[in-house]
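# Descriptive analysis of the structure
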Amino acid sequence: MSFAPVYLDWNATTPLAPEVRDAMLPWLGAAQPARFGNASSRHEYGRQARAAIDEARARVAAAVGAHATEVVFTSGGSEANNLFLKGAAACLKPGTLAISAIEHPCVREPARQLRRAGWALHEIAVDADGRIDVADWRRVLEARPTLVSVMLANNETGVLQDVAALASEARKAGAWLHTDAVQALGKIEVDFRSLGVQAMTLSAHKLGGPLGAGALVLDKRVELSPLIAGGGQERGLRSGTENVAAIVGFGLACERAVAHRAAESSRLSVMRDGIEAALSALGAVVFSRAAIRLPNTVFFAFDAIDGETLVGKLDRAGFACASGSACSSAQPEPSHTLLAMGVDPTVARGAVRVSLGRDTTAEEVERFVATLSHVVRDLRNLASVAL
Amino acid sequence: MLKFPIYLDYSATTPVDPRVAAKMIPWLTEHFGNPASRSHAYGWEAEQAVEEAREQVAALVNADPKEIIWTSGATESNNLAIKGAAHFYQGKGKHVITVKTEHKAVLDTVRELEREGFEATYLDVQENGLIDLEVLKAAIRPDTILVSVMFVNNEVGVVQPIAQIGELCREKGIIFHVDAAQATGKVEIDLDKLKVDLMSFSAHKTYGPKGVGALYVRRKPRVRLEAQMHGGGHERGLRSGTLATHQIVGMGEAFRLAREDMAEENARVRRLRNKLLSGLTDIEATYVNGDLEQRVPHNLNISFAYVEGESLIMAIKDIAVSSGSACTSASLEPSYVLRALGRNDELAHSSIRFSIGRFTTEEEIDFTIDLLHKKIGKLRELSPLWEMYKDGIDLDTVQWAAH
């Protein structure tokens, strides 16, 4: 790339933290001594790989307050979500599954698959701010769900759910609760034990780790049928030669992210609040402003300005943002999350997400705000000329 | 300069080729975008890199890039192919055929299908490790919907008659899946000629990174699959999940190099393997496992009689190889592949798989020959069974006293 836009799409993916990169390079044959063993091999090359995986597993576990034996490595967050929902369901008679109305497609689609397989599927409604609607949650609990999945932090709005409270009530109602925490780890405090959930999904590339590694943190009382059968790796729960490089990166990224979380979230929320003040001054609506959110995310829209258009102009002006989540940005449909919040589709079509991260500077944010003002003004002028 | 232990376990995994690493690293560091991000250049360039790699993988096997689906590895590809096809076509029948010598990723997936109510036939192989086409023909039923046979066996390196099996399956309207994890860069694969419907690929067996593989899904005639990983609809709905750009770029480059280097590399590897073969078979009471002709040049699997397996593995610590035993938490089990070839437990346990590759040197082969001669000699000196064999006693006729 000849010019590098300022990267403001940290919820989509994150650049590798330098120490994570350094730890991974030997395992990718890009630094000496090159390491490459198959962890299932009994010789020294294999033992080295096994030791590296064990170390990484301990790091991931420590980062979320879980035990190492509760960490199941997968190829990413999508796979971990699939593994929990389909894997748990396969060991149960078809019953009732409840998911929030604002889950990521990699929770929604497996849930739809389960419905096709005979499960009853309930969606828990959210309020106008994107928080779980308590009355609807109680209604769903009355349907005696066996499995529940509610994301800890929403990727688009950044809204946080009180998963600990939900898990406690779910447990009393005899349900297992899973939470997709991929956006949360490193941004807010995440403790598996305190949350009281039975399963939790993590993803390396959302917190300065590499693409290609994720984990399902799983209470050992939950019986799971593996999605990928074969050599029996991950205690039979996930077969396949372990991706040592990515797992090593994942472990270090988790440790790093948690160590820096408190300071980082302060720093990011100050910048984010600055952007929001500017947005309000420009007349934008900031979604879920009243809700407790991730410190780095702002999801907004300008009246009568198309989100895709705005994002395109911002990209050309040197700022990489997102309209809707990366996974579904192939279809020009309004944000599923906003529609669930009751936002009018015309308003939702204007949505743009800015998400900050480790490398974001106050100076970049200032320039972004200035650029945004110009771009918005130009688009508004164009619109008024067109009338 | 020899580096110890000498790596002779290329079939377990291969080092990432430095040229592959060089190509991958920028996509891990500066160019880190999510390839599904449509809103900015970070995403677009990542997507472009992914598509280029797809073309490179397709080129090695003479397929259309649209027929290549990215997965997290050959194990996942095998799961997707077998479950995906069986579930999609179960209206036509519920019988599946595979071979006793397949990788666990295939065998365990087929067993899973059996638990779901499918029926499976696990074909025996001949003593040379190859399947008998007549046996396959006889196993086919009107309700057979899927046949899965690996191209190259990971333990003994034999090459199955994929072209003929393909003709047979196409004639009968049966979906044919091939696990080619051990085949890429070692044998010619031309999917325009081979009547294969689904083919699994691994990157880390061909000097690429771990964590990435692919599944070939034929478009002409069109093969359908039920997706196993659901979510954002990636890979045309067949496999959801954010694509790991750097890993995919690595696989593409690895397969491009395989295409370029295969002929020359095979010749060099064959020479080295044959040197190892003659160097080791002049040790008494050794048996090569698997056909020597229908075999990739990289593999040599030999049983050393009258030597205890675990002692052997410990004695040859200076080389990193694989033995004919698999560790389970409770016990040491003899290789099921070698058992399928007719080897008894003792011979299975005292077998070694030597698998050589791109970076193997003649010096390493010479050292290995020397080492095996020395150690086998020593171990047999200590072996009462060897003494009896030397005295001409037929051990099969001995009545062993129980202890």
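In the block above lies the structure referred to throughout.
I will try to describe carefully the structure that is included in this document. Remember, predicted model here, so these are calculated numbers, not experimental data.

It is worth spelling out the overall build of chain A at this point. Secondary structure assignment for chain A yields twelve helices and twelve strands. Compactness check: chain A gives a C-alpha radius of gyration of 21 Å against a globular reference of 21 Å for 387 residues, within 12% of the reference. Principal-axis analysis of the C-alpha atoms gives chain A an extent of 70 × 55 × 35 Å. Residue pairs in contact within chain A that sit at least 24 positions apart in sequence constitute 72% of those at least 6 positions apart.

Moving on: the interface of chain A and chain B. Interface extent is often summarised as the accessible area lost during association of the parts. Between chain A and chain B, the contact holds 57 residues from the first and 53 residues from the second. Secondary structure elements with two or more residues in the side of chain A that touches chain B: α2 (44-64), α3 (77-90), α4 (105-116), α8 (244-281) and α9 (307-316) of chain A. The element contributing the most residues to the side of chain A that touches chain B is α4 of chain A, with five residues. Here the residues of the side of chain A that touches chain B are counted per class, giving 29 nonpolar, 22 polar and six charged.

Residue and element names in this part refer to chain A. Read across the open sheet, the seven strands follow the order β2-β8-β7-β6-β5-β3-β4; overall the sheet is mixed. Two strands close off the open sheet at either side, each with one partner strand: β2 (71-74) and β4 (120-124). Strand-to-strand, the axes of this sheet are offset by a mean angle of 20 degrees, without reference to chain direction. Here strand β5 (residues 147-149) runs beside strand β6 (residues 176-180); their pairing, made up of three bridges, is parallel. Opposite Val148, over in β6, you have Leu177 as the bridge partner.

Residues and elements named next belong to chain B. Relative orientation of the contacting elements helix α7 (residues 245-281) and helix α11 (residues 362-381) amounts to 15 degrees, with a least axis distance of 9 Å. The angle between α7 and α11 falls in the class roughly parallel. For α7 against α11, the interelement crossing comes out right-handed. Counted together, Leu272, Lys275, Leu276, Gly279 and Leu280 of α7 and Glu362, Ile365, Thr368, Ile369 and Leu372 of α11 form the full contact between these two elements. Taken together, the residues of the contact of α7 with α11 break down into six nonpolar, two polar and two charged.

On to the packing of helix α1 (residues 18-28) of chain B against α7 of chain B, then. Residues and elements named next belong to chain B. Taken N-terminus to C-terminus, the directions of α1 and α7 make an angle of 160 degrees; their axes are 8 Å apart at the nearest point. As the angle between them shows, α1 and α7 are arranged roughly antiparallel. Crossing angle aside, the handedness with which α1 passes α7 is right-handed. On α7, the residues touching Arg19, Val20, Lys23, Met24, Trp27 and Leu28 of α1 are Thr245, His246, Val249, Gly250, Glu253, Ala254 and Leu257. For the contact of α1 with α7, the residue count by class is seven nonpolar, three polar and three charged.

Turning our attention to α11 of chain B. Residues and elements named next belong to chain B. Here α11 spans 29 Å end to end across 20 residues, near enough to the 28 Å set by a 1.5 Å rise per residue. The set of residues buried in α11 consists of Ile365, Thr368, Leu372, Ile376, Leu379 and Arg380. End-on, the buried residues of α11 take up no more than an arc of 85 degrees, which puts them together on one face. Opposite its buried face, α11 presents the exposed residues Glu363, Asp370, Lys374, Gly377 and Glu381, each directed more than 90 degrees away. Those residues of α11 hidden inside the fold are in contact with β1 (6-7), α7, β10 (299-304), α8 (309-315), β11 (319-320) and α12 (384-390).

With that settled, the discussion passes to the sheet that holds strand β9 (residues 285-286) of chain A. Residue and element names in this part refer to chain A. Here we have three strands laid out as an open sheet, ordered β9-β10-β12, and antiparallel in their pairing. Because the sheet does not close on itself, it has two edges, and the strands there are β9 and β12 (352-355). Across two bridges, the pairing between β9 and strand β10 (residues 297-301) is antiparallel. Residue pairing in the sheet places Val285 in a bridge with Ala301 of β10. Contacting β9, β10 and β12, α8 runs over the sheet at an angle of about 10 degrees to β10.

Peptide bonds are trans in most cases, and residues, glycine excluded, mostly fall at negative phi. In this model, Gln32 of chain A is joined to Pro33 of chain A through a cis peptide bond whose omega is -5 degrees. With an omega dihedral of -5 degrees, the bond running from Phe4 of chain B to Pro5 of chain B counts as a cis peptide bond. Mapping Pro5 of chain B onto the fold places it in the segment before β1. Positive phi is not limited to glycine here, since Ala285 of chain B has a value of about 55 degrees. Examined against the element boundaries, Ala285 of chain B turns out to sit in the loop between α7 and β9 (286-288). A tally of 15 C-beta atoms within 10 Å means that Ala285 of chain B is categorised as partly exposed.

Cut-off values and rules
- Residues numbered from 1 in each chain as written.
- Chains lettered and ligands numbered in written order.
- Predicted model: local features only at pLDDT ≥ 70, side-chain atom pairs only at ≥ 80, totals over all residues.
- Helix = DSSP H or I, 4+ residues; strand = E, 2+ residues; numbered from the N terminus.
- Rg over C-alpha atoms; globule rule 2.2 N^0.38 Å.
- Contact = placed C-beta atoms within 7 Å.
- Nonpolar A, V, L, I, M, F, W, Y, C, P; charged D, E, K, R; others polar.
- Pairing = 2+ DSSP bridges.
- Axes fitted to C-alpha atoms, helices over the stretch in contact; angles between N-to-C directions.
- Parallel < 35°, antiparallel > 145°, perpendicular 65-115°, else oblique.
- Left-handed = near helix turned anticlockwise from the far one by under 90°.
- Expected span 1.5 Å × (residues − 1).
- Buried ≥ 20, exposed ≤ 12 C-beta atoms within 10 Å, placed from the backbone.
- Arc of directions from axis to C-beta.

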